[in-house]
Amino acid sequence: MSAEKLQEARRQIEICNACRYCEGYCAVFPAITRQTAFADGDITQLANLCHNCRGCYYACQYTEPHEFAINLPRVLAEVRTDSWRELAWPSGFAKAYDRHGVAMGAMTVLCLFFLILGAGSMRGAGDGEGFYQYLSHGFMVAIFAPAFIVPLLAMVISIRRYWRHVGGGAIGWIAMARAFHDVATLRNLGGGQDQGCNFEDEDRFSNARRIAHQLTLWGFLLCFASTSSATVLHYAFDMQAPYGVFSLPKLFGVPGGLMLSAGTFWMVVLKLQADGDLSDGRVRGGDMAFVLLLFAVSTSGLLLYAATYSGLVPYLLTFHLATVLTLFLTLPYSKFVHGFYRLAALLKNARDAG
Ligand code: HEM
Ligand code: SF4
Ligand code: SF4
């Protein structure tokens, strides 16, 4: 981790610890006041606890041109992305993705598109109904199982490294319930009084980012539930796709896809309005790639459903599979990791707060 950034964050945090004006804004400030000295692991934990709501920056009387030059959202964002890069396994991929995220994401989707399309036509017709006319179930499992399991293992290694670095320990049930409540409500994007944050507009408190994120998060989880329920129906009940309108995969998948598309679209709009100087400019490409990829996954999934039985299915199916594969293959190095690190930071914080 950059010693310079850690030192700069430590300097600002020590000023905040003396000032304490922002105590009620988020979990970061109460966590700061529980300590008097900050080791590197403590700074990393605070950085992962910060939700980049920007409330403290706009409230602060010590931002530039004041000599204290406080910009907590930016310095914590920089330490946060440094920590994700350093703790990622293997870390070289993460650095490349940060710099060229959109290009790498687009290239991967394109390569996978032609690869899957080629594999489908070489195999000829698939072995079943619906989508399986174009690609066999066995082929999909053969490419998706490793593409899902290997990045997940890499992520487990990274989170274990994080937990050791920040001095995490055993977590009780109450702390766990409190942390999951913070995730479900995104309390730390609420500006302390639930009036919302200043992410996209300095003078206005708004819950727009919080709502857009909830649409994205719950939309993603519903899509995941849809795929998982389809797997259970296939293997445990020998029920093959395509599934009916009132089946679990469709009941989870259609609202999930709509929420994910709407949430990510809204997040892109908010992101374009926000002041880039209050985040980590080095990873702008990678951050944008992650949101766009989620949008591509959900929107292509919905289009695929709308186009059922039309001639577009082989192309839409291939594009949809390519985007899903790219999302999972880049999981340990893209902004996807924020969910895992932030959950870990909220768990540790809930435990430390007692
Ligand atoms: C433990 C669960 C999660 C927590 C606590 C969490 C928290 C956050 C926070 C605080 C932000 C804004 C700050 C930042 O830009 O880093 C954010 C951004 C975002 N999150 Fe999550 N998140 C979680 C899981 C997820 C999941 C599962 C998804 C979807 C797969 C998701 C999608 C996004 C997107 C698209 C952004 C915007 C990225 C950007 O603007 O650069 N999050 N999340
Ligand atoms: S961000 Fe500024 S106002 Fe808020 S606690 Fe720190 S120094 Fe004080
Ligand atoms: S940007 Fe928001 S979440 Fe981060 S420290 Fe400041 S008030 Fe807390």
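Residues numbered from 1 in each chain as written. Chains lettered and ligands numbered in written order. Predicted model: local features only at pLDDT ≥ 70, side-chain atom pairs only at ≥ 80, totals over all residues. Heavy atoms only, no water.

### A look at the overall build of the protein chain
Right, so step 1: Within the protein chain one finds 13 helices and 0 strands.
Right, so step 2: In the protein chain, the succession of α and β elements from N to C terminus is α-α-α-α-α-α-α-α-α-α-α-α-α.
Right, so step 3: The principal-axis extents of the C-alpha atoms in the protein chain amount to approximately 70 × 40 × 40 Å.
Right, so step 4: Counting only residues that meet the buried cut, the protein chain has 47% of its 354 residues in that class.
Right, so step 5: In the structure as shown, the protein chain presents an accessible area of about 16,900 Å², 66% of it carried by carbon and sulfur atoms. (Helix = DSSP H or I, 4+ residues; strand = E, 2+ residues; numbered from the N terminus. Buried < 20%, exposed > 50% of the residue type's maximum accessible area, 1.4 Å probe, protein only. Areas by Shrake-Rupley, 256 points an atom, 1.4 Å probe, with all protein chains shown as cover.)

### A few points about the site of ligand 3
Right, so step 1: Around ligand 3, a shell composed of Tyr25, Cys26, Val28, Phe29, Cys50, His51, Asn52, Cys53, Arg54, Cys56 and Pro73 is seen.
Right, so step 2: Residue composition of the shell around ligand 3, by class: 8 nonpolar, 2 polar and 1 charged. (Near = heavy atom within 4 Å. Nonpolar A, V, L, I, M, F, W, Y, C, P; charged D, E, K, R; others polar.)

### Digging into a nonpolar patch on the surface
Right, so step 1: There is a patch of nonpolar side chains on the surface, built from Val245, Phe246, Leu248, Leu251 and Tyr305 and spanning about 540 Å² of accessible area.
Right, so step 2: With respect to the helices and strands, the residue Val245 is situated in the loop between helix 9 (208-236) and helix 10 (248-273).
Right, so step 3: Taking relative accessible area as the criterion, Val245 reaches 52% and is therefore assigned exposed. (Patch = residues over 30% accessible without salt bridge, like charges linked within 9 Å, V, L, I, M, F, W, Y side chains within 5 Å. Salt bridge = Lys/Arg side-chain N within 4 Å of Asp/Glu carboxyl O.)

### Structural notes on the packing of aromatic side chains
Right, so step 1: Tallied over the entire structure, the rule returns 11 aromatic pairs.
Right, so step 2: Geometrically, the ring pair formed by Tyr62 and Phe68 is tilted, given 5.1 Å between the ring centres and 55 degrees between the ring planes.
Right, so step 3: Ring centres of Trp84 and Tyr341 lie 5.9 Å apart, and the angle between their planes is 20 degrees; on these two criteria the pair is classed as stacked. Of this pair, Trp84 sits in helix 5 (residues 72-87) while Tyr341 sits in helix 13 (residues 337-353), placing them 257 residues apart in sequence.
Right, so step 4: Classification of Trp84 by relative accessible area gives buried; the value is 10%.
Right, so step 5: Ring pairing ties together the aromatic residues Phe148, Phe220, Phe224, Phe290, Phe328, Phe336 and Phe340, which thus form one cluster.
Right, so step 6: The ring of Phe199 carries the charged tip of Arg209 above its face, separated from the ring centre by 3.6 Å. (Phe/Tyr/Trp six-rings, centres within 6.5 Å; stacked < 30°, edge-to-face > 60°. Lys NZ or Arg CZ within 6 Å of the ring centre and 35° of its normal.)

### Points about the environment of Pro332
Right, so step 1: Its location among the elements puts Pro332 in the loop between helix 12 (313-329) and helix 13.
Right, so step 2: Residue classification places Pro332 among the buried positions, given a relative accessible area of 4%.
Right, so step 3: A C-alpha to C-alpha distance of 6.5 Å links Pro332 and Ala154, two positions 178 residues apart in sequence.
Right, so step 4: In this view, Pro332 contacts Ala88, Pro151, Ala154, Met155 and Val337; residues no more than four positions away in its chain are not counted. (Contact = heavy atoms within 4.5 Å.)

### Here we look at the side chain of Asn52
Right, so step 1: Relative to the elements of secondary structure, Asn52 occurs in the loop between helix 3 (40-49) and helix 4 (55-59).
Right, so step 2: At a separation of 3.1 Å, a polar atom in the side chain of Asn52 contacts the side chain of Arg54.
Right, so step 3: With residues up to four places along the chain from it excluded, the contact list for Asn52 reads Pro73, Arg80, Phe199, Arg209, Leu278 and Ser279. (Polar contact = N/O pair within 3.5 Å; in protein donor to acceptor, adjacent residues only side chain to side chain.)

### With respect to the coordination of the iron atom of ligand 1
Right, so step 1: Donor atoms from the polypeptide that bind the iron atom of ligand 1 are His213 (NE2) and His338 (NE2), placed at 1.9 to 2.0 Å.
Right, so step 2: Here the iron atom of ligand 1 is ringed by 6 donor atoms whose angles at the metal span 85 to 179 degrees, and the overall shape comes out octahedral. Linking His213 in helix 9 with His338 in helix 13, this pair joins segments that are 125 residues apart in sequence.
Right, so step 3: The exposure class of His338 is buried, given its relative accessible area of 15%. (Donors = N, O, S within 2.8 Å, 3.2 Å for Na, K, Ca; no water. Tetrahedral: all angles 85-135°; square planar, octahedral: opposite > 155°, others 65-115°.)

### Examining the pattern of salt bridges
Right, so step 1: On inspection of all chains with the given rule, the structure shows 12 salt bridges.
Right, so step 2: One salt-bridge network, in which partners are shared between bridges, spans Lys5, Arg74, Glu78 and Asp277.

### Some points on helix 3
Right, so step 1: Of all 10 residues making up helix 3, 9 are buried, and the element is well covered by its neighbours.
Right, so step 2: Turning to helix 3, its buried residues are Gly41, Asp42, Ile43, Thr44, Gln45, Leu46, Ala47, Asn48 and Leu49.
Right, so step 3: Of the surrounding elements, those touching the buried residues of helix 3 are helix 1 (3-19), helix 2 (28-33), helix 5, helix 7 (137-165) and helix 13.

### Describing the site of ligand 1
Right, so step 1: Around ligand 1 lies a shell of 19 residues, among which His213, Lys271, Lys335, His338 and Arg342 are the nearest.
Right, so step 2: For ligand 1, an oxygen atom lies 3.0 Å from a polar atom in the side chain of Arg209.
Right, so step 3: Lys335 is positioned such that a nitrogen or oxygen atom in its side chain is 2.7 Å from an oxygen atom of ligand 1.
Right, so step 4: Among the secondary structure elements, those contributing two or more residues to the shell around ligand 1 are helix 9, helix 10, helix 11 (284-306) and helix 13.
Right, so step 5: With 5 residues, helix 9 is the largest single contributor of residues to the shell around ligand 1.

### Notes on helix 7
Right, so step 1: For helix 7, spanning 29 residues, the distance from its first C-alpha to its last is 42 Å, which sits close to the expected 42 Å at 1.5 Å a residue.
Right, so step 2: Those residues of helix 7 that sit buried are His137, Met140, Phe144, Ala147, Pro151, Ala154, Met155, Ser158 and Tyr162.
Right, so step 3: Turning to helix 7, the residues buried within the fold contact helix 3, helix 5, helix 9, helix 12 and helix 13.
Right, so step 4: A positive phi of about 70 degrees marks Gly167, the residue just after helix 7. (Expected span 1.5 Å × (residues − 1).)

### Looking at the domain arrangement of the protein chain
Right, so step 1: According to the domain assignment, the protein chain contains domain 1 (3-85) and domain 2 (92-353).
Right, so step 2: The distance between the C-alpha centroids of domain 1 and domain 2 comes to 28 Å.
Right, so step 3: With 31 residues of domain 1 at the interface, the matching set in domain 2 holds 35 residues.
Right, so step 4: The junction of domain 1 with domain 2 conceals about 3,100 Å² of combined surface from both sides, 55% of it contributed by carbon and sulfur atoms.
Right, so step 5: Of all residues in domain 1, the largest losses of buried area upon contact with domain 2 belong to His51, Trp84 and Arg85, amounting jointly to 25% of the total for that side.
Right, so step 6: Taken together, domain 1 and domain 2 are joined by 2 salt bridges. (Domains from an automatic or database assignment. Buried area = accessible area lost by both parts, 1.4 Å probe.)

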